[in-house]
Amino acid sequence: MTLRNLLLATVVTLVPVMATSAFAAGLTVGFSQIGSESGWRAAETSVSKSQAQKRNITLKIADAQQKQENQIKAIRSFVAQGVDAIFLAPVVATGWDAVLGEAKDAKIPVILLDRDIETANKSLYLTAVTSDSVHEGAVAGEWLAKNVGNKPCNVVELQGTVGASVATNRKKGFDDVVAKHPNIKVIRSQTGDFTRAKGKEVMESFLKAENGGKNICALYAHNDDMAVGAIQAIKEAGLKPGKDILVVSIDAVPDIFKAFMAGEANATVELTPNMAGPAFDALIAFKDKGTVPPKWIQTESRLYTPADDPQKVYDSKKDLGY
Ligand code: AHR
């Protein structure tokens, strides 16, 4: 191949990539983020920034401090600013129709990140990038069922934020599995709002109510942060988390791998913090070529246990902003 032909071939192969990134570079996206309730949430914010940077997209993040009314205000402000798209991580599932209708009227596409909404009007959003959170709960339940075998097992459950799609779904997935195992019973279930502090506080009350924890065989927490708080409460009650009380949770944040290494937690189901990457790609294809994405872009979930080289996983995650 002559030098001229080589150069031409290079240009031809580079054109689609450059067109996409040049197009992306002009985009401004407003992201209504829930807050910073958990390590996972902090990582999602940080990964979203780096995914935007990679594509030269301007990302404006509004922190709602866990309040839906702040998210509604942020969306209205993004509409007034005329952003090219809005990403929304909805704190709760209901109550979005009016404000998303305003974004639709302004022809601003909305993409849901990591949580779903309940609406009869699916045209209010372009796509949702989420995991299958019913499946996550089921994976946690199956891990427990396999590990307790036929032994009786009383479970306490720390639920996520009341009204959040992931809390409803993670409960459902777990309950569906438990229903098939009469030896496993969920004896107490309460919200810990996805935070470490509330997870500890609620676990303390569970321990007190259940004979200092002696009646409890396992803890199922809807996220790792609540599990980490609960682990502390179990230790303070004089019991061994991971042994006297099994601990299974969701997210796969670095701190749960530390707990694996200390023998204080037993399983976690990973939720990727990279929801923004697939969302940006879908948005670019939509804006640039009119490609309509599927209504659900599903991210992967996988189970980790202490058998999965926790030090290595910890090292791979520790700098991601958790
Ligand atoms: O919506 C995802 C959930 O929100 C995460 O599992 C939890 O840690 C976060 O607060």
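Before reading on, note that the structure itself is shown above.
Conventions used here
- Residues numbered from 1 in each chain as written.
- Predicted model: local features only at pLDDT ≥ 70, side-chain atom pairs only at ≥ 80, totals over all residues.
- Heavy atoms only, no water.
- Axes fitted to C-alpha atoms, helices over the stretch in contact; angles between N-to-C directions.
- Helix = DSSP H or I, 4+ residues; strand = E, 2+ residues; numbered from the N terminus.
- Parallel < 35°, antiparallel > 145°, perpendicular 65-115°, else oblique.
- Left-handed = near helix turned anticlockwise from the far one by under 90°.
- Contact = heavy atoms within 4.5 Å.
- Nonpolar A, V, L, I, M, F, W, Y, C, P; charged D, E, K, R; others polar.
- Near = heavy atom within 4 Å.
- Polar contact = N/O pair within 3.5 Å; in protein donor to acceptor, adjacent residues only side chain to side chain.
- Areas by Shrake-Rupley, 256 points an atom, 1.4 Å probe, with all protein chains shown as cover.
- Buried < 20%, exposed > 50% of the residue type's maximum accessible area, 1.4 Å probe, protein only.
- Right-handed = clockwise from strand over helix to strand, strands pointing away.
- Pairing = 2+ DSSP bridges.
- Phe/Tyr/Trp six-rings, centres within 6.5 Å; stacked < 30°, edge-to-face > 60°.
- Expected span 1.5 Å × (residues − 1).
- Core = buried A, V, L, I, M, F, W, Y, C linked by side-chain atoms within 4.5 Å.

Caption draft 1: A look at the packing of helix α8 (residues 224-236) against helix α9 (residues 254-261). Running from N to C, α8 and α9 point in directions that differ by 40°, and their axes come no closer than 9 Å. Between α8 and α9, the interaxial angle falls into the category oblique. Between α8 and α9 lies a crossing whose hand is left-handed. Here Asp-224, Ala-227, Val-228 and Ile-231 of α8 lie close against α9, whose contacting residues are Asp-255, Ile-256 and Ala-259. The residue inventory of the contact of α8 with α9, partitioned by class, reads five nonpolar, no polar and two charged.

Caption draft 2: Quick look at the site of the ligand. Residues in close proximity to the ligand include Glu-37, Ser-38, Trp-40, Arg-41, Asp-114, Arg-115, Val-166, Arg-170, Phe-194, Asn-223, Asp-251 and Leu-271, which together make up its full environment. In this structure, Arg-170 approaches the ligand through a side-chain N or O atom, which is 2.8 Å from an oxygen atom. Here an oxygen atom of the ligand sits 2.9 Å away from a polar atom, N or O, in the side chain of Asn-223. Contact with the protein chains hides 100% of the accessible area of the ligand, taken as 280 Å² for the molecule alone. At the level of secondary structure, the elements contributing two or more residues to the shell around the ligand comprise α2 (39-54) and α6 (165-178). In terms of residue class, the shell around the ligand is made up of four nonpolar, two polar and six charged.

Caption draft 3: Up close: the pairing of strand β9 (residues 246-251). Of all six residues that make up β9, six are buried, and the element is covered over most of its length. Of the two faces of β9, the one lined by Leu-246, Val-248 and Ile-250 and the one lined by Val-247, Ser-249 and Asp-251 are each fully buried. Crossover handedness for the path strand β8 (residues 218-221) to α8 to β9: right-handed. Relative to strand β10 (residues 267-270), β9 is paired through four bridges, and the arrangement is parallel.

Caption draft 4: Highlighting the packing of helix α5 (residues 133-148) against α6. Look at α5 against α6: their axes get within 6 Å of each other, and the N-to-C directions meet at 40°. Like other packed secondary-structure pairs, α5 and α6 cross with a definite hand, here right-handed. Here Ser-133, Val-134, Glu-136, Gly-137, Ala-138, Ala-140, Gly-141, Glu-142 and Leu-144 of α5 come into contact with α6, specifically with Ser-165, Val-166, Asn-169, Arg-170, Gly-173, Phe-174 and Val-177.

Caption draft 5: Examining the packing of aromatic side chains more closely. This model, assessed by the stated rule, comprises five aromatic pairs. Ring geometry for Phe-31 and Phe-87: centres 6.4 Å apart, planes at 70°, overall edge-to-face. One end of the pair, Phe-31, is in strand β1 (residues 28-33); the other, Phe-87, is in strand β3 (residues 85-88), and 56 residues separate them in sequence. Neither Phe-31 nor Phe-87 differs from the other in exposure class; each is buried. Between the aromatic rings of Phe-257 and Phe-260, the centroid separation amounts to 5.3 Å while the plane-to-plane angle is 75°, which identifies the pairing as edge-to-face.

Caption draft 6: Local environment of α6. Across its 14 residues, α6 extends 20 Å between first and last C-alpha, which sits within 8% of the 20 Å expected from 1.5 Å per residue. Inspection of α6 places Ser-165, Val-166, Ala-167, Arg-170, Gly-173, Phe-174, Val-177 and Val-178 among the buried residues, and these make up the whole buried set. Residues of α6 that are buried in the fold lie against α5, β6 (153-159), β7 (184-191), β8 and β9.

Caption draft 7: Representation of unusual backbone geometry within the structure. Positive phi, normally seen in glycine, also occurs at Gln-66, with a value near 65°. Positionally, Gln-66 belongs in the loop between β2 (58-63) and α3 (68-81). The exposure class of Gln-66 is partly exposed, given its relative accessible area of 28%. Even without a glycine there, the phi angle at Asp-251 is positive, about 130°. Structurally, Asp-251 is set in strand β9.

Caption draft 8: Structural detail: the nonpolar core. Counting residues in each nonpolar core, the largest one holds 32 residues, and the members touching the most others are Leu-158, Met-203, Leu-207, Leu-219, Ile-245 and Phe-257. Broken down by secondary-structure element, the contributors of at least two residues to this core are β6, α6, α7 (196-209), β8, α8, α9 and α11 (310-317). In terms of residue count, the dominant contributor to this core is α8 (seven residues). With residues up to four places along the chain from it excluded, the contact list for Leu-158 reads Gln-190, Gly-199, Val-202, Met-203, Phe-206, Leu-219, Tyr-220, Ala-221, His-222, Met-226 and Ala-230. Formed by 28 residues, the second largest nonpolar core is a distinct cluster that contains Trp-40, Leu-126, Leu-271 and Ile-284.

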